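Descriptive structure summary
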Amino acid sequence: MIELAQLTRYQENNRLEAKKAQGGLPHSLWETYSAFANTVGGVLLLGVIETPEKYFQTVALSDPQKLADQFWQIVTNPELVSVNLLQRDQVQVVKVQDHWIVVIEVPRALACEKPVYLGASPFSGTYRRGGEGDYRCQISEVQTMMENRFRELPDGRPVISATLSDLKASSIQTYREYFCKIQPDSVWNTISELSFLLQINAVYFANDGSLRPTLAGLLMFGSEEVLHRIFPGLSLNNQLSGHQQEENCCDFYFSARRQVQSQHPKEIAWGINEALVNALAHADYQDHPQIEIRENDQEIQVVNSGQLTRRTLPANPILYQMFHFIKAADGQGTGLLRIEAIWKQKGWSAPQLTAHQQRHEVLFRLPVSRRLQKRQTLQQRVLDLITTEIQASPQYIQTQLRLTSGQTETLLQELMQQDLIEQDPESQDFRLKA
């Protein structure tokens, strides 16, 4: 953004701020971070002063790397700074004019990330850039940022008629424990429960400054009573083992996930879980929403209220993001393609995604033949045995895998038809085809 070799050409402006920082990180640095993020971005220079003649000059810092590390430690703490917008390479220690300085490039926040604020409340900790200075935003300015945010993230809007006590503690605990398992090094594992819920947008600030559950937060963690009040007719029906109604999306997902993983190979279970998450994220929750997962001997079916659209983002982006945080969602928009590729590799019929306009319903059918799965598992065991032994007789294969002679003969014929194995004409043993 600037030519550091020609630092003396520059002076402070709406995108450039110098901090002497010889006594450590100045508090005003964080106000500038918030201001840059909420305006048009900018560059912070630590170990630099602006002279009375209005040009930049470097000063000696006792430990510039320590300053960089301290900055990174604070900016990644969500209880001190609402969001970290920086990548690692945007905080650098650079030698300029015989001194080492710290260069921090602060990008402009997206509308869905604003307001970027300091401390516990956006109404007291949000800043904007004006000329060479940082100014605390008025409440009306913060509210405008929040309204723009909710337009980008409709299910991130706080529900005024709900309170934090409407969230189900056991669902939050289940989610957070799984998050910790999936992302053990995340700083979010060390923050308070309320701060955690803020980070995943399960709660957010209302215009009066109070914290309320968001629409997505209620869908994910809400109690049955509040969900039926906010989303009349909501049904989360897991029919994988009987007829089981779940209270919220978190309970529904983990209940179905446990059953899917116990009954299907890992990659197939992944595909079914991805289909389920997509159904939850794309569902229309406005008019008697119904989400259901069911199965028969031939296929898994995932049904959700709504319709197929050309939108690239889910109808409920915050809800989808919550699943992405625990790596239950692809997050790249390629989930359906990956499912199709897995099914093709298995030689199964392609999954089908169809919409029924009159019923306002989307149906995702995933052909999953248990008989075929068992057959392919047996074939793989035969291949593994032949790979280990180099070649094996039908009688040896039958004995080792505890098969009947008929089963053994059928499996070997199938593998030969797939050009995976061949029979030695002399010994009549089977080996991998060259």
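The following paragraphs examine the structure supplied in this document. In this text, all values refer to a predicted model and were calculated from it rather than measured experimentally.

On to the packing of aromatic side chains, then. Evaluation of the coordinates by the stated rule reveals 17 aromatic pairs. Measuring from ring centre to ring centre gives 6.3 Å for Trp-188 and Phe-196, while their planes differ by 85°; the resulting arrangement is edge-to-face. The same class applies to Trp-188 and to Phe-196, which are both buried. Put simply, the rings of Tyr-175, Phe-179, Trp-188, Phe-196, Phe-221 and Phe-325 touch in pairs and so form one group of aromatic residues. Looking at Arg-9, its charged tip hangs above the ring of Tyr-10, at a distance of 5.7 Å from the centre. We note Arg-149 situated over the ring of Tyr-204; from NZ or CZ to the ring centre the distance is 4.2 Å.

As a further point, take the side chain of Ser-82. On the secondary structure map, Ser-82 appears in the loop between helix H2 (64-75) and strand S5 (91-96). For Ser-82, a relative accessible area of 12% gives the class buried. Reaching out from Ser-82, the side chain makes a polar contact with the backbone nitrogen of Tyr-117 at a distance of 2.9 Å. When near neighbours in sequence (up to four residues on either side) are disregarded, Ser-82 contacts Pro-115, Val-116, Tyr-117 and Gln-199.

Further remarks concern unusual backbone geometry. Here Lys-114 and Pro-115 are connected by a cis peptide whose omega angle stands at -5°. Mapped onto the secondary structure, Pro-115 falls in the loop between strand S6 (99-106) and helix H3 (122-125). The backbone of Lys-54 shows a phi angle near 65°, a positive value even though the residue is not glycine. Within the fold, Lys-54 resides in the loop between strand S3 (48-50) and strand S4 (56-58). Phi angles above zero are rare outside glycine, and Asp-98 is one such case at about 70°.

Side chains that carry opposite charge are capable of pairing whenever their charged atoms lie near each other. Scanning the entire structure with this criterion turns up 16 salt bridges. Arg-129 serves as the salt-bridge partner of Asp-134, at 2.6 Å between the closest nitrogen and oxygen. The partner of Lys-433 in a salt bridge is Asp-419, and the shortest N-O contact between them spans 3.3 Å. One end of the pair, Lys-433, is in the segment after strand S19 (430-432); the other, Asp-419, is in the loop between helix H15 (405-417) and strand S18 (421-423), with 14 residues separating them in the sequence.

Once that is clear, we can look at the packing of helix H9 (residues 249-263) against helix H10 (residues 266-282). In contact at an axis separation of 10 Å, H9 and H10 are set at 160° when each is read in the N-to-C sense. One way to sum up the angle between H9 and H10 is to call them roughly antiparallel. Every pair of crossing elements has a handedness; the one defined by H9 and H10 is right-handed. On the side of H9, the interface is formed by Cys-249, Phe-252, Tyr-253, Ala-256, Arg-257, Val-260 and Gln-261, while H10 contributes Ala-269, Ile-272, Asn-273, Leu-276, Val-277 and Leu-280. For the contact of H9 with H10, the residue count by class is ten nonpolar, two polar and one charged.

So, about H2. Side chains of residues three or four places apart in an α-helix project in the same direction, reflecting 3.6 residues per turn. Between the first and last C-alpha of H2 there are 17 Å, a value that for twelve residues agrees with the 16 Å anticipated at 1.5 Å per step. For H2, every residue scored as buried is listed here: Pro-64, Leu-67, Ala-68, Phe-71, Trp-72 and Val-75. For H2, the angular spread of buried residues about the axis comes to 135°, placing them on one side. Packing partners of the buried residues in H2 comprise helix H1 (28-38), S5 and S6.

The next point concerns the packing of helix H5 (residues 169-182) against H9. Packing of H5 against H9 leaves a shortest axis separation of 9 Å and a crossing angle of 55°. By the angle between their directions, the pair H5 and H9 is classed as oblique. Crossing hand, H5 versus H9: left-handed. In this structure, H5 uses Ser-171, Thr-174, Tyr-175 and Tyr-178 to contact H9, whose residues at the interface are Cys-250, Asp-251, Phe-254 and Arg-257.

On the surface, Leu-308, Leu-336 and Leu-353 cluster together into a nonpolar patch covering about 240 Å² of accessible area. With respect to the helices and strands, the residue Leu-308 is situated in the loop between strand S14 (299-305) and helix H11 (317-325).

To continue, consider the sheet that holds strand S17 (residues 391-392). Spatially, S17-S19-S18 is the arrangement adopted by the three strands of the open sheet, whose pairing is antiparallel. Pairing within the sheet leaves two strands with one partner each, and these edge strands are S17 and S18. Pairing geometry for S17 and S19, over two bridges, is antiparallel. The residue bridging Ala-392 from the neighbouring strand is Phe-430, located in S19.

Here we take up the sheet that holds S6. Paired through backbone hydrogen bonds, the strands of a sheet run either parallel or antiparallel to each other. Across the sheet, which stays open at both edges, the four strands sit in the order S1-S2-S6-S5 with mixed pairing between neighbours. Pairing within the sheet leaves two strands with one partner each, and these edge strands are strand S1 (16-19) and S5. Direction aside, neighbouring strands of the sheet carry axes that sit 25° apart on average. Across six bridges, S5 lies against S6 in antiparallel orientation. Counterpart to Val-94 in the pairing with S6 is Ile-101. Each of S1, strand S2 (42-46) and S6 touches H1; the most contacted strand, S2, lies at about 165° to it. Each of S5 and S6 touches H2; the most contacted strand, S5, lies at about 160° to it.

Before going further, it helps to examine H1. For H1, a buried count of ten out of eleven residues is recorded, marking the element as mostly surrounded by other parts of the structure. Leu-29, Trp-30, Glu-31, Thr-32, Tyr-33, Ser-34, Ala-35, Phe-36, Ala-37 and Asn-38 are the residues of H1 that are buried.

Burial of strand S16 (residues 361-367) is extensive: six of the seven residues sit out of reach of the surface. The pairing of S14 with S16 spans seven bridges and is classified as antiparallel. Within S16, the residue paired with Val-303 across the bridge is Leu-363. Of the strand pairs in this sheet, strand S15 (residues 352-356) and S16 are connected by five bridges, and their pairing is antiparallel. Looking at S16, one finds that His-356 is bridged to Glu-361. As consecutive antiparallel partners, S15 and S16 are separated by four residues, and within that stretch His-360 has a phi angle of approximately 50°, a positive value.

About the cut-offs
- Residues numbered from 1 in each chain as written.
- Predicted model: local features only at pLDDT ≥ 70, side-chain atom pairs only at ≥ 80, totals over all residues.
- Heavy atoms only, no water.
- Phe/Tyr/Trp six-rings, centres within 6.5 Å; stacked < 30°, edge-to-face > 60°.
- Buried < 20%, exposed > 50% of the residue type's maximum accessible area, 1.4 Å probe, protein only.
- Lys NZ or Arg CZ within 6 Å of the ring centre and 35° of its normal.
- Helix = DSSP H or I, 4+ residues; strand = E, 2+ residues; numbered from the N terminus.
- Polar contact = N/O pair within 3.5 Å; in protein donor to acceptor, adjacent residues only side chain to side chain.
- Contact = heavy atoms within 4.5 Å.
- Salt bridge = Lys/Arg side-chain N within 4 Å of Asp/Glu carboxyl O.
- Axes fitted to C-alpha atoms, helices over the stretch in contact; angles between N-to-C directions.
- Parallel < 35°, antiparallel > 145°, perpendicular 65-115°, else oblique.
- Left-handed = near helix turned anticlockwise from the far one by under 90°.
- Nonpolar A, V, L, I, M, F, W, Y, C, P; charged D, E, K, R; others polar.
- Expected span 1.5 Å × (residues − 1).
- Arc of directions from axis to C-beta.
- Patch = residues over 30% accessible without salt bridge, like charges linked within 9 Å, V, L, I, M, F, W, Y side chains within 5 Å.
- Areas by Shrake-Rupley, 256 points an atom, 1.4 Å probe, with all protein chains shown as cover.
- Pairing = 2+ DSSP bridges.

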